[in-house]
Amino acid sequence: MDLKFSPEDQAFREEVRAFLKEKLPQRLSDKVRKGQHLSKADMEEWHAILHERGWLAPHWPVEHGGTDWSVMQRFIFETEIAMAHAPRVVPFGVSMLGPVLLKYGSEEQKNHWLPRILDGSDWWCQGYSEPGAGSDLASLKTKAVREGDHYIVNGQKTWTTLGQHANMIFCLVRTNSEGKKQEGISFLLIDMNTPGVELRPIKLLDGDYEVNEVFFTDVKVPVENLVGEENKGWTYAKYLLTYERTNIAGVGASMAAFKVLKEAASMQFRNGKPLIEDPRFAARLAQLEIDLENMKTTNLRVLDAAGHGKAPGAESSMLKIRGTEIRQEISDLMRRAAGSYARPFIEASFEEGYNGEPVGPAFAGPVASDYFNYRKLSIFGGSNEVQREIITKSMLGL
Amino acid sequence: MDFSLGTERELLANSLGRYLADKFGSEARLKALASPEGWSREAYDGLVELGAVGAMFTEEAGGYGGSAFDIAVVFGEIGRGLAMGPFLGTLMAGKVLEAAGETAVIEEVVGGEKLLTFAHEPAQGPDGRAAEPVRAEKAGDGYKLTGAKGVVSFADEADLFVVMAGSGTELSTFLVKAGAPGLTVQSYPVVDGGKAGEVVFKDTPAALIGEEAKAAQIVDQAVAAGLVALAWEGYAIMQVLRDKTVEYLRERKQFGIPIGKFQALQHRMGTMALEVEQAHSAAINAAVGLEEGGNAALRAASAAKVTLGKNGSLLAEEAIQMHGGIGMTWEFAVSHYAKRLIMIGHELGDEDYHLQRFIDLGKEEAA
């Protein structure tokens, strides 16, 4: 057992740090650190910088533009970019569709779509959830009927994150209504500019627009946009969800957020002394640190097993649950640290270049919005309730 | 033993509740939030006309109620209807005026002519440190105030401020008029709906309320009244969230059955229902304590705020979680109730603060 970084790992970490120091624009890291909204152009700019270095999709095979990094190197990379307050890589193309195409796509599909993910030609979004199919995803109703060399798609998707920026959507559609509901689902790639696709934004509780409804009315999709086999989409979807869940643990992002929290608690005064010296607050902070350290090692163990060819099963559900709980606890303590100053809600301050008179402690601006927004973490990507079912099902076999 | 609120209070509750439901339902509230003013003065005026503010103060002081249970009824309806307005500030500021027999001012507020708020919390700078207490200097017949207060409810909209100056045994309270020389307000919306602002005084003329340097106990009781109000507002919101969640668990189907059939959710729903009842009892205890006054009032108020903080977070978070994505949307009322409930936790000291205060007050009582 050895959890220490090898000299190679340490050299790699220095390499990543040097890259971030040289290439990560201060403008972007400032926005991330302040909790300001990132524009589409901001995210594309960061993707282009990573792509130029060949680091946009480290988990892809080298021949498709990935790297041959070890599990540890990938972990170091993710942690370092999060700790440097780099923008999050938008996962839909790189981390969700990419792995599915690599495993189940045809050669033509790989050669066509993968380079377009890397160079930013396509912005993908995810068409999974429907108004009637959330936790029970397999009950989805959006229908695709084959007519000659096309599918005709009708139905509705919802909670489509950043769909407003996307030109492509990968969808789970029903191609067979008979038999087991999981066995009539197909995985389809749809151009959002096709006639009959309509996107409507959903305003969330923090006032922001990041999710959408997507409506399909007689949308014509060429059959070559079917991934893998017809009616086998559920298998691909599950594979993708497993990938999504190891990402969703967000250990690097939590480590960065924990550091910000600790700084805030050291700075903030409460009853004449730093908040970090308040025994109740300090106890929650310590518990959080312990949970996060444990999570880090759990995540490394899962990644290590995956690196040895063991597909993560229930473990990725564990990462999802505890990873999101940790992130929510951080946002909870951040809002608590701000006291009364969690309430001011100055939306303009979430945008770049805001130079209004500051209100209250420097960190307080986005804490309430973040706390409310992060309620989503235990809901999306398969709710934490569904994750618990997955874990126990795999054990009980009942 | 009598847990009834009495016919008159029930009549008041009904009329406030009906008014809010008819004139200021979910849609009207969203419209008010999107308006340039960011709230609805009209809805506030309507509530004042129905007696929402009058009920907070005694007849001698210019109101027509004034007991802890009158406050309970008013703030219960404010919570249920998510009403926006300077009600909490008005209550605490008015209690300070009431104690000093300043009836003329209270009458103007009860009559809806003037909007009154309470500037009690020191402003904080970007470094997270509280500003020095507001300083009062004698100037001719009156006083001049210098200093800064933070997150003052409806600061820009208020016509009158009750301002705390000095600290500890030197605490005094003053009345300041909007537009007074040297008074500046930086106004902003708050995340739970409504407005607040940072208020700076620079040699601002002010009138002393009551006696100089004798306000500590009066302010303590005024804040205890504010905590009673928050306890009842929070309890009402918890009831709404409980009921909406029950309804959703019955309606929403996944895996071919209502999600309320899942035992894991049933157990959590059961816990929510239990904690709502505990919060109700804490609110009752706080109101009874306020009637008793003294240390009992402060201790019961802190106990209620601890309960409210813990149970409120549970109800808000579980209501959103069990509603799933729909509970996260702006258009759906659950998120707005949850936001107000969580932010109540941030007003007048959070549960950690009040847990410590409860301990300290217990030591005082024992000594």
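Residues numbered from 1 in each chain as written. Chains lettered and ligands numbered in written order. Predicted model: local features only at pLDDT ≥ 70, side-chain atom pairs only at ≥ 80, totals over all residues. Heavy atoms only, no water.

Within an unreviewed UniProt entry, the label attached to chain B reads Acyl-CoA dehydrogenase family protein, and the organism entered is Parvularcula maris. The Sequence similarities (unreviewed entry) comment attached to chain B in UniProt states, word for word, "Belongs to the acyl-CoA dehydrogenase family." (UniProt positions renumbered as here; feature names shortened; annotations may be inferred.)

Looking at an unreviewed UniProt entry, one finds chain A named Acyl-CoA dehydrogenase family protein, with Parvularcula maris as its source organism. In the Sequence similarities (unreviewed entry) part of its UniProt record, chain A is described as follows: "Belongs to the acyl-CoA dehydrogenase family." The heading Cofactor (unreviewed entry) in the UniProt record of chain A holds the text "FAD".

**What to know about the interface of chain B and chain A**
Residue-level contacts link 48 residues of chain B with 48 residues of chain A. Scanning the region where chain B abuts chain A turns up seven salt bridges. Between B:E317 and A:R375 there is a salt bridge, and its shortest N-O distance comes to 3.6 Å. Where chain B meets chain A, there are 30 residue pairs in polar contact (both at pLDDT 80 or more). Taken together, the elements giving at least two residues each to the side of chain B that touches chain A come down to β3 (142–153), β6 (183–189), α8 (263–292), α9 (294–323), α10 (333–344) and α11 (351–366) of chain B. With six residues, the top contributor of residues to the side of chain B that touches chain A is α10(B). (Contact = heavy atoms within 4.5 Å. Salt bridge = Lys/Arg side-chain N within 4 Å of Asp/Glu carboxyl O. Polar contact = N/O pair within 3.5 Å; in protein donor to acceptor, adjacent residues only side chain to side chain. Helix = DSSP H or I, 4+ residues; strand = E, 2+ residues; numbered from the N terminus.)

**So, the pairing of strand β6 (residues 197–203) of chain A**
Residues and elements named next belong to chain A. In this structure, β6 lies alongside strand β7 (residues 209–222), joined through seven bridges in antiparallel fashion. Note that in β7 the partner of K203 across the bridge is Y209. Taking the residues that link successive antiparallel strands as the turn, the β6-β7 hairpin has five residues, and the phi of G207 there is positive, at about 85 degrees. (Pairing = 2+ DSSP bridges.)

**Here we look at the domain arrangement of chain B**
Residue and element names in this part refer to chain B. Looking at chain B, the domain boundaries give domain 1 (7–113), domain 2 (118–209) and domain 3 (216–366). Once you take the C-alpha centre of each, domain 1 and domain 2 turn out to be 22 Å apart. Taken residue by residue, the interface counts 17 residues in domain 1 and 16 residues in domain 2. In total, domain 1 and domain 2 occlude about 1,200 Å² of area from one another, counting both sides; carbon and sulfur atoms represent 73% of this. Inspection of the region where domain 1 meets domain 2 yields two residue pairs in polar contact (both at pLDDT 80 or more). Of all elements in the fold, only α2 (26–34) and α5 (87–99) reach the threshold of two or more residues within the side of domain 1 that touches domain 2. The element best represented in the side of domain 1 that touches domain 2 is α5, accounting for five residues. (Domains from an automatic or database assignment. Buried area = accessible area lost by both parts, 1.4 Å probe.)

**A few points about the side chain of A:S369**
Residues and elements named next belong to chain A. One can find S369 in helix α11 (residues 367–373). Residue S369 is classed as buried on the basis of its relative accessible area of 8%. When near neighbours in sequence (up to four residues on either side) are disregarded, S369 contacts D206, F345 and F350. (Buried < 20%, exposed > 50% of the residue type's maximum accessible area, 1.4 Å probe, protein only.)

**Quick notes on helix α4 (residues 71–83) of chain A**
Residues and elements named next belong to chain A. For α4, with 13 residues, the first-to-last C-alpha span of 18 Å sits near the 18 Å given by 1.5 Å per residue. Here α4 lies mainly inside the structure; 10 of its 13 residues are buried. For α4, the set of buried residues is V71, M72, Q73, F75, I76, F77, T79, E80, I81 and A82. Next to the buried residues of α4 lie α1 (7–23), α3 (40–53), α8 (251–267) and α9 (279–307). Once α4 finishes, H85 follows within two positions and takes phi at roughly 60 degrees, a positive value. (Expected span 1.5 Å × (residues − 1).)

**Description of the nonpolar core**
A:L261, B:V74, B:F75, B:V162 and B:W232 are the most contacted members of the largest nonpolar core, which has 148 residues in total. Broken down by element, this core gets its largest block of residues, 17 residues, from helix α7 (residues 216–251) of chain B. Those residues in contact with B:F75 that lie beyond four places of it in its chain are B:M56, B:F87, B:L88, B:L91, B:A229, B:W232 and B:E233. Of all hydrophobic cores here, the second largest spans 71 residues; its members include A:F12, A:W46, A:M96 and A:V219. (Core = buried A, V, L, I, M, F, W, Y, C linked by side-chain atoms within 4.5 Å.)

**So, the UniProt feature "domain: Acyl-CoA dehydrogenase/oxidase C-terminal" (unreviewed entry) in chain B**
As recorded in UniProt, the sites labelled "domain: Acyl-CoA dehydrogenase/oxidase C-terminal" (unreviewed entry) are residues 228–340 of chain B. Note that residues 228–340 of chain B is 81% helix and 4% strand, and that its end C-alpha atoms are spaced 16 Å apart.

**Some points on the layout of surface pockets**
The computed volume of the second largest pocket comes to approximately 1,200 Å³. Lining the second largest pocket are 41 residues; nearest its centre among them are A:N271, B:H120, B:E121, B:P122 and B:Y353. At the level of secondary structure, the elements contributing two or more residues to the lining of the second largest pocket comprise β9 (269–270) and α10 (314–338) of chain A together with α7, α9 and α11 of chain B. Taken together, domain 2 (118–209) and domain 3 (216–366) of chain B each give at least three residues to the lining of the second largest pocket, which thus spans both. (1 Å grid on protein atoms, 1.4 Å probe; cavity = no way out; pocket = protein on both sides within 12 Å on 5 of 7 lines; lining within 4 Å. Points joined across faces, edges and corners; volume = space filled by probe spheres on them.)

**A closer look at the packing of α5(B) against helix α6 (residues 103–110) of chain B**
Residue and element names in this part refer to chain B. Where α5 contacts α6, the axes come no closer than 9 Å and their chain directions differ by 150 degrees. On the basis of the axis angle, α5 is roughly antiparallel to α6. Both α5 and α6 take part in a crossing whose hand is left-handed. Contact residues: T90, G94, L97 and E98 in α5; V105, I106 and V109 in α6. Considered class by class, the residues forming the contact of α5 with α6 number four nonpolar, two polar and one charged. (Axes fitted to C-alpha atoms, helices over the stretch in contact; angles between N-to-C directions. Parallel < 35°, antiparallel > 145°, perpendicular 65-115°, else oblique. Left-handed = near helix turned anticlockwise from the far one by under 90°. Nonpolar A, V, L, I, M, F, W, Y, C, P; charged D, E, K, R; others polar.)

**A few points about the packing of α9(A) against α10(A)**
The relative placement of two packed helices comes down to the angle between their axes together with the axis-to-axis distance. Residues and elements named next belong to chain A. Packing of α9 against α10 brings their axes to within 10 Å, and their N-to-C directions diverge by 155 degrees. On the basis of the axis angle, α9 is roughly antiparallel to α10. In this structure, the crossing between α9 and α10 has a hand that is left-handed. In this structure, α9 contributes F281, R284, L285, L288, D291, L292, M295, T298, N299 and V302 to the contact, and α10 contributes E315, M318, L319, R322, G323, I326, E329, I330, D332, L333, R336 and A337. Classifying every residue of the contact of α9 with α10 by side-chain character gives 12 nonpolar, three polar and seven charged.

**A few points about helix α1 (residues 7–23) of chain B**
Residues lying three or four places apart along an α-helix face the same way, a consequence of the helix completing one turn every 3.6 residues. Residue and element names in this part refer to chain B. With 17 residues, α1 extends 24 Å between its outermost C-alpha atoms, agreeing within 8% with the 24 Å of an ideal straight helix rising 1.5 Å per residue. If you check which residues of α1 are buried, you get L12, A13, S15, L16, Y19 and L20. With its buried residues spanning 165 degrees around the axis, α1 presents them on a single face. Seen from the buried face of α1, the exposed residues on the opposite side, beyond 90 degrees, are T7, L11, R18, A21 and D22. Next to the buried residues of α1 lie α3 (41–49) and α4 (68–80). (Arc of directions from axis to C-beta.)

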